Structures are given as structure tokens and as C-alpha cells.
Amino acid sequence: MRAALSGVDHSDPGAVWRALGAAGIVEALYPDGVQPDPRRLSVLLTELDARCPLGVTLSVCVQVATVLPLLADAAGPAERVRRGMLRGETVVALAVTDAGGSGSDLLDAATRVKLGDDGAVLDGGKDWITNATSCDAALVLARHREARHFTSFCWVLVPAGAPGVTVGSAGRAFAGSGVGHLRFAGVALGPDAVLGRPGRALAGFARQVGVERVAGALWARAMCHRMLVGLHDWLRRRPAGAGALWDRPAVRERYARCLVAVHQLDALCAPLLDAPAAVPSAVTGMLLKVSAAETVDRIATEAVRLRGADAFRDGGEAQLRTEAAMFGIAGGATGAMLAGIADHADELAGAVT
């Protein structure tokens, strides 16, 4: 892993993706050919977090945790796209969140695909899509029936350069992630652009979003450990009176509470690392999502408070805290996750063994 990333511009997501693919690291993540091995995924995300800006790690994470597994059974052009991804030659954006008012309420998504015997026509838009500005293709969740129902959606693989596709940048946030907005105006596609059987897209995505939450938790714990190691070193070196900041009991207590929080996240992740694939139960995925978001926020916030002005250096904890807020939003907001966890109250409250 380290050898593959040595000499690579870590701020360039394309260069990082190509290096991982050329070294066989991307393909090696999937010993069963479908889902990522959690230990290998943890190693990858830890190495990326140590070397790359948050946006670059996000660019890789979405592809390895969600896009590639969704393409596992693809055929025809989609299979060629998948093979290109495994080699690091092709970048695919996951376009799920609709433009306009529906956001993460996928049943209200308005992006539509009209299916016909000779092909399909796509209209609509997707906002805040990772890799949008740098992708070769987008895997788009689109409505093929009007009914507000779980079976009204399908996946469509859309070449980024197809007539009718336009891309706009979402700004400077998450540098290296290629986050942007996609618009589709009468995009004509061949019949092989639709992946799998229409009506099964949301079922597949519901399963895969759990893997995305595992990946997010593994990445969050790596980020937290990195912040705590750096903070500990800084506190021991920072002069304060006759000693260092680390010598003050109040500082040590605040740091210790951060250690407790990150080790609680470690404990949630530990059973998954021994699993053959990173596919959690629905409630485990929600627990991981909330714990990851709250732990990153707590540790980044404490690091900012303890470091003071030093936290505002380029790439410092102040910037990281702002960008890491995505852990509480992307893939399901914390409030929605807590509502889902509450639905399992009887199961979780009695889960003592």
C-alpha cells in the first residue's frame, strides 16, 4: 500500500485512484468478487487518511464501498466500466441525491428515465455528487414509474460525455472529491444502460448503504486516532508555565474523554473486522453511522479548543472539523439514524449477553 502511493501526488484523486488500481489494491479488496473485505478496507482508508486530503479519500471511498459492489453483476458496457474501475482507469460517480427539494428522501426523487425497446431517455438532476466533476460515467438512480413506491426505481449508467449531460462544480469544499451537480436533459441511452431488472434499485442500494456506513466508521476511527496522536504530541511540547499543557490535570481529563469516545467507536467496529464481508445489519449500520459522526465531531472540536489558533493552520483541525461534518449528513442524517435506532429499542435495550 505505502509503496503504491509513494511518489504519487496525494492531492490528485485521479493519480491516487490510478496508483491503487495499477498496484492491484482495488481488485484485492473483493475476495468474494462483490463486497469489500473489511480489514483490507480499513487498511486502505487508514493509509489514505494519513496521506491525502479528506476529499481525495472521499472520492475513493464512495467508489470502493458503493459503486463497485453495485456493478458486481453488470454485463456488457457496464462490465467494461467495472473492469476499468478495478484497474484505476475509470472513475464513476454515484448519483443518488436528487436536485431540488427531495434530497435524501429517495421515494420523492424526480429524476426520471423513460424506458423503451430501443433504449432509454433520462431527464432530471442530482446534487452534491462525489466525483461529478471528474467522472467518466455516473451511476444514476432514476424513477421509471410514477408510483411513490420502493419498486419504482432503476439504475442507469450514463457516460459523462453523453449529449444532454452537464456538470457544475459545487465549489471549493472537499478539495479533491470532485463534488458537483449533474443535470440530464433528454439524455438518450442504449438499452444496455439500465443495470439489472427495473424496480430492484432501491433494494440493492439499501443493502449497500450499510457497507458505506461501515466504510465511514472505519475511516472515522482512523481519522480520530490520527488527530489524537497529533494532539497528544502537540500538548506534550506546548509550553505552559513551568511545564507543558499536557501536565495540567484539566487538559489530561479532556483528552482522556476523547480516548474513551474513540475506543467506544473501535469496539463497535471490532466485530465487523472479523466478518467475511462488510455487510452489517440495518441497525448496526445506523449505530455505526451515528457513533462515527459524533466521535469525529467531538474529537475535532476538542482538538480545536485545546490547540487554539494553531488549529486554524492550513489543513488543521478547524478545517477538518468543518469538512468532517459530512459524517453526520451523507448517507443518512444523524437525526434520521436516531429515529431508526429508536425503532429497535426493544431489541437494543435487551441486548445484554
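Please read all numbers here as calculations on a predicted model, not as lab measurements.

Criteria and cut-off values
Residues numbered from 1 in each chain as written. Predicted model: local features only at pLDDT ≥ 70, side-chain atom pairs only at ≥ 80, totals over all residues. Heavy atoms only, no water. Helix = DSSP H or I, 4+ residues; strand = E, 2+ residues; numbered from the N terminus. Rg over C-alpha atoms; globule rule 2.2 N^0.38 Å. Buried < 20%, exposed > 50% of the residue type's maximum accessible area, 1.4 Å probe, protein only. Contact = heavy atoms within 4.5 Å. Pairing = 2+ DSSP bridges. Axes fitted to C-alpha atoms, helices over the stretch in contact; angles between N-to-C directions. Parallel < 35°, antiparallel > 145°, perpendicular 65-115°, else oblique. Left-handed = near helix turned anticlockwise from the far one by under 90°. Nonpolar A, V, L, I, M, F, W, Y, C, P; charged D, E, K, R; others polar. Phe/Tyr/Trp six-rings, centres within 6.5 Å; stacked < 30°, edge-to-face > 60°. Polar contact = N/O pair within 3.5 Å; in protein donor to acceptor, adjacent residues only side chain to side chain. UniProt positions renumbered as here; feature names shortened; annotations may be inferred. Expected span 1.5 Å × (residues − 1). Salt bridge = Lys/Arg side-chain N within 4 Å of Asp/Glu carboxyl O.

### Examining the overall build of the chain
- Within the chain one finds 12 helices and 10 strands.
- At 21 Å, the chain has a C-alpha radius of gyration in line with the 20 Å of a compact globule built from 353 residues.
- Considered along the principal axes of its C-alpha atoms, the chain spans approximately 80 × 50 × 40 Å.
- Taken over 353 residues, the chain has a buried fraction of 52%.
- The long-range share in the chain, meaning contacts at least 24 apart out of those at least 6 apart in sequence, stands at 73%.

### Some details on the pairing of strand E7 (residues 180-189)
- For strand E3 (residues 119-129) and E7, the ladder comprises seven bridges, and the chain directions are antiparallel. Across the sheet, the residue bridging to glycine 125 is arginine 183, located in E7.
- Both strand E6 (residues 165-169) and E7 contribute to a ladder of five bridges, which runs antiparallel. Among the inter-strand pairings, valine 167 is bridged to a residue of E7, identified as leucine 182.

### What to know about the packing of helix H7 (residues 201-237) against helix H8 (residues 249-273)
- Contact geometry of H7 with H8 gives a least axis separation of 10 Å together with a crossing angle of 155°. Judged by the angle between their axes, H7 and H8 are roughly antiparallel. Along this stretch, H7 crosses H8, giving a crossing that reads as left-handed. Contact residues: Val214, Ala217, Leu218, Ala220, Arg221, Cys224, His225, Leu228, Val229, Leu231, His232 and Leu235 in H7; Val251, Tyr255, Cys258, Leu259, Val262, His263, Leu265, Asp266, Cys269, Leu272 and Leu273 in H8.
- Across the contact of H7 with H8, the residue classes break down as 18 nonpolar, three polar and two charged.

### Quick notes on the pairing of strand E1 (residues 92-95)
- Because side chains alternate across E1, one face comprises the buried residues Val92 and Leu94, and the other comprises Ala93 and Ala95, equally buried.
- Summarising the sheet, E1 and strand E4 (residues 137-143) pair through four bridges and their orientation is parallel. By the bridge assignment, valine 92 is partnered in E4 with alanine 137.

### Here's the deal with the environment of serine 152
- Relative to the helices and strands, serine 152 is located in the loop between E4 and strand E5 (153-159).
- Judged by its relative accessible area of 0%, serine 152 falls in the buried class.
- Residue contacts for serine 152: discarding those within four places in its chain leaves Ala142, Arg143, His144, Arg145 and Ala147.

### Some thoughts on the packing of aromatic side chains
- The final tally for this structure, using the stated rule, is three aromatic pairs.
- Summarising the aromatic geometry, the rings of tryptophan 246 and tyrosine 255 are spaced 5.3 Å apart at their centres and angled 90° between planes, so their arrangement reads as edge-to-face. Neither residue differs from the other here; tryptophan 246 and tyrosine 255 are each classed as buried.

### Side note on the environment of serine 169
- Mapped onto the elements of the fold, serine 169 is located in strand E6.
- Once the C-alpha coordinates of serine 169 and alanine 318 are considered, the two residues, 149 residues apart in sequence, prove to be 23 Å apart.
- Excluding residues within four positions of it along the chain, serine 169 makes contact with Thr133, Val179, Gly180 and His181.
- For serine 169, the side chain forms a polar contact with the main-chain nitrogen of glycine 171, separated by 3.0 Å.

### A few points about the UniProt feature "domain: Acyl-CoA dehydrogenase/oxidase C-terminal" (unreviewed entry) in the chain
- In the numbering adopted here, UniProt assigns the feature "domain: Acyl-CoA dehydrogenase/oxidase C-terminal" (unreviewed entry) to residues 208-344.
- As annotated, residues 208-344 has a helix share of 71% and a strand share of 3%, and its two end C-alpha atoms lie 20 Å apart.

### Things to note about the side chain of aspartate 98
- As for its position among the elements, aspartate 98 is in the loop between E1 and strand E2 (112-116).
- The class of aspartate 98 is buried, set by a relative accessible area of 3%.
- Here the side chain of aspartate 98 touches lysine 126 through a polar contact of 2.7 Å, side chain to side chain.

### Examining helix H9 (residues 282-307)
- For H9, with 26 residues, the first-to-last C-alpha span of 38 Å sits near the 38 Å given by 1.5 Å per residue.
- With respect to burial, H9 is a largely interior element, 19 of its 26 residues being buried.
- Note on H9: the residue one or two positions beyond its end, glycine 308, has a positive phi of about 65°.

### Structural notes on the environment of valine 283
- Mapped onto the elements, valine 283 comes out in helix H9.
- Its relative accessible area of 7% is what places valine 283 among the buried residues.
- When the C-alpha positions of valine 283 and alanine 303 are compared, they lie 30 Å apart, and in sequence the two are 20 residues distant.
- Other than its neighbours up to four places away in sequence, valine 283 contacts His344, Glu347 and Leu348.

### Digging into the pattern of salt bridges
- In total, this model carries 19 salt bridges according to the counting rule given.
- With a shortest N-O distance of 2.8 Å, glutamate 146 and arginine 112 are connected by a salt bridge. Here glutamate 146 is found in the loop between E4 and E5, whereas its partner arginine 112 is found in strand E2, with 34 residues between them in sequence.
- The exposure class of arginine 112 is partly exposed, given its relative accessible area of 33%.

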